[in-house]
Amino acid sequence: MIDVTRLGKRYGDLTALDGVTFTAEPGTIFGLLGPNGAGKSTTIGCISGLLTPTSGHVTVLGHDVLTDHIAARQQLGIVPQELALYDDLSARENLAYWGAAYGMGGDALKRRVLHVLERLGLGDRAKEPVKRFSGGMKRRLNFGCGIVHSPKVLLLDEPTVGVDPQSRVRLLELVREEVATGTCVLYTTHYMEEAQDLCARLAIIDHGKLLAMGTLDELRRLIGEKDIVRLSGRFDAPAMRRALEQVGGIEVVSADERMLRLAVEAASRRLPQILSAVTNAGGDLLETSLSQPSLESLFIKLTGRELRE
Amino acid sequence: MRFVLTAARKDIRRRLADPVALLMWIGLPVVIGLLMSLLSSGNGPVLKAHLLLVDLDQSFLSRLIASGGGQGQLGEMLQIETMNATDGRKKIDAGEASALLTIPQGFQDDVLQDRPVTLALVTNPAQRILPGIIEEALKMLVEAAFYAQRLFGPELRQVLVTPNGQTFPSDDRVAAFNQRLRTVQDTLVPPVLSLETKTATPADRASAPDFWSLFLPGLLFMALLFTAQGMSLDVWNEKTSGTLRRTLSTPQGAGAFLAGKLVAGLTIMAVAVLATLILGVTLFHIPVARAPIAFAWATFAGGALFCYFVLIQLLSTSMRGGQLLSTMLVFPLMMMGGSFFPFELMPAWMAAIGRWTPNGLAVAQLKQILFGRLDPGALAIGAAAIGVMAVLAFLSAVRRLRGAFAVS
């Protein structure tokens, strides 16, 4: 299991992580959801020991990543966001190298490499140099290099970025297979659907801070039954806020000159009322959309902006 | 240790996947060596020193100098052109000759009367070697004239200074000269000194280095410098491909990672050194008994060069910067360190500096191992100096790798 306590990381004046605390349990996937630059990769860097935290501490299966780093790293498998493979070597050589980096060797390593190659669906391409592989194959191998030593804790840093749909499905299957063996997985992503599908528990992070944490149901309860209404056009933001608040039962999540985001219960029924208030207040409306309560709507409610912005 | 060997094997496999780079590192010095060998093979036109002679004396002795300098072995090195003083001065000022020799008026009389005499030699400052040849040849002639004057002074005076305007000396004077020659015959014939000409055997080569003896150690280190620089750049490839960060997040540290690269570098360098020494033993008469220690020395020094270059890469802020900086260092190091020009052909001050460059230190010692007297003490001191510097560079590189380099 991973235990992160009041983790902080600063680069000069920039606070990359600010008091991040969470626990990821064995045999589950803990999702860290946030936009680019939210602090997900910094969190992974601190857990893997690549980055030294400014404050707080991290343990992996009880081993402190700073003071007992060899034991802690021995239990960790990492699948970085960017491909980290040797293009000139074959898939088998890559897996064998990363297995050896975790202390494996001999027949055990050879057997494990063959097993992982089969699981990745690369058994028939095992001896080919990786530079001849497609992007999806490289992604799968990148994942395989992180699990070749059968780690008890797996850190997956946006492993499906830039992956074709077929490879993505296969990768997510592989992740589930790892969890089924009791592996604790920390999964960072900015894909809401992935987080909803995979993760037993989730934390939403932005600007280095955890904004919310819990199971999917717990997080959904935070937003209640409210839908998210997005209005785009040209607006006088303060005037819009005043007009919409007078209507009642409407929560203005964010308002600027181009976009209004509102949290409204039974929004489809109240939409005419909302549109009328906006136009009466001088708003020039171009587009309207409505979404059911979801992680995305929670994220918008918590941060005032879309996850992919 | 097992991981170090695994990492080394991985790097060697990657190197072998790019054989062109390997061939460049090792092949370039071979090409340069062959070109230098061709240049010095003597098949081209032989350079002659061009000596301008101004003979103000116009005597028998002064003409002897002019004709003597153009004959025999001296004739192969000297081209003598006689002219008047004004033209001679113009030509030497224009840099059109190697030197200008002026024989003063009264030269023969002064020599015969045992009076001090001065020959004026003006050399061309733009040339270095050819005026030197002329100077040496003249010293030889002056010495010969001194001994001739000492031995045959009175007789020569009688022969050359003929009374009543006679062109040839009288029979009496020739007979007296002949008598004088007979008195020194025992000394001159057979001569006390003899010149024995023989073809050099392989065993003699150790004390008489030829072209390859001069150039081979330097060329080998040129290959090692290229290899060390090329392989050091791999830390940037590992950084940009993400494999460096991934390796550093495993239980293996930065030290094991770099040690793997060092072992890979040493292996490739060892192959290059071995190939060079096999060539040297079979083609260029390197003593077989010296080869093992030469192999160990060159490989060890090559590993040290790798450590220095890796540190340079890690201290650079970008791959391009690292490449530029290391290239800017490689070429002066090759120039100064005896790779392009052997120390023996350098000006003394440059050779003195060059012998203290990281590669020059190793080249000088390798020459001693291969062709000179093996001095275990000097070898140990050299090894310690190179070893300490390499260890410091390696530790600094590990520190840098673990710190800012990997995560920046």
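Note that residues are indexed from 1 along each chain, following the sequence as it is written. Chain letters and ligand numbers both follow the written order, the letters beginning at A and the numbers at 1. Local features are withheld for residues below a pLDDT of 70 in this predicted model, meaning they are given only at 70 or higher, and side-chain atom pairs are given and counted only at 80 or more; totals for whole chains, interfaces and linings count all residues.

### Examining the overall build of chain A
A tally of regular secondary structure across chain A gives eleven helices and 14 strands. Out of the 309 residues belonging to chain A, those deemed buried represent 45%. The contact criterion used is a C-beta to C-beta distance within 7 Å, with each C-beta placed from the backbone. For chain A, the proportion of contacts with a sequence separation of at least 24, taken over those separated by at least 6, is 69%. Secondary structure elements follow DSSP: runs of H or I no shorter than four residues count as helices, runs of E no shorter than two count as strands, and numbering proceeds from the N terminus. Exposure in this text rests on C-beta crowding, where 20 or more other C-beta atoms within 10 Å of a residue's own make it buried, 12 or fewer make it exposed, and counts in between make it partly exposed. The C-beta atoms are placed from the backbone.

### Considering unusual backbone geometry
Phi is mostly negative for residues that are not glycine, and the peptide bonds are mostly trans. Residues and elements named next belong to chain A. Backbone geometry places Leu61, a non-glycine residue, at a positive phi of 50 degrees. Residue position: Leu61 is located in the loop between strand 4 (55–60) and strand 5 (63–64). The phi angle at Ala266 is positive, at roughly 50 degrees, despite the residue not being glycine. In this fold, Ala266 is placed in the loop between strand 13 (259–265) and helix 10 (267–280). Take Ala266: there are 11 C-beta atoms within 10 Å of it, and that puts it in the exposed class.

### A short note on the nonpolar core
Nonpolar side chains in soluble globular proteins generally cluster together in the buried interior. Residue and element names in this part refer to chain B. Counting residues in hydrophobic clusters, the biggest one holds 160 residues, and the most contacted among them are Leu224, Leu225, Leu258, Cys307 and Ala397. Ranked by residues supplied to this core, first place goes to helix 15 (residues 291–315) with 14 residues. Each residue touching Leu258, except ones within four places of it in the same chain, is listed here: Val310, Phe394, Ala397, Val398 and Leu401. The term nonpolar core refers to a group of buried residues, namely Ala, Val, Leu, Ile, Met, Phe, Trp, Tyr and Cys, whose C-beta atoms join them within 7 Å. Counting 17 residues, the second largest nonpolar core, distinct from the first, contains Ile80, Ala97, Leu112 and Ile134.

### Describing the confidence of the model for chain B
Residue and element names in this part refer to chain B. Taken over all residues, the pLDDT of chain B has a mean of 80, while the share at 70 or more is 81%. Note that residues 189–208 has pLDDT below 50 and, in this model, nine contacts with residues that lie over four places away or in other chains. Of the two predicted TM-score estimates for the complex, the pTM is 0.69 and the ipTM is 0.81. The pLDDT value expresses, per residue, how confident the predictor is, ranging between 0 and 100.

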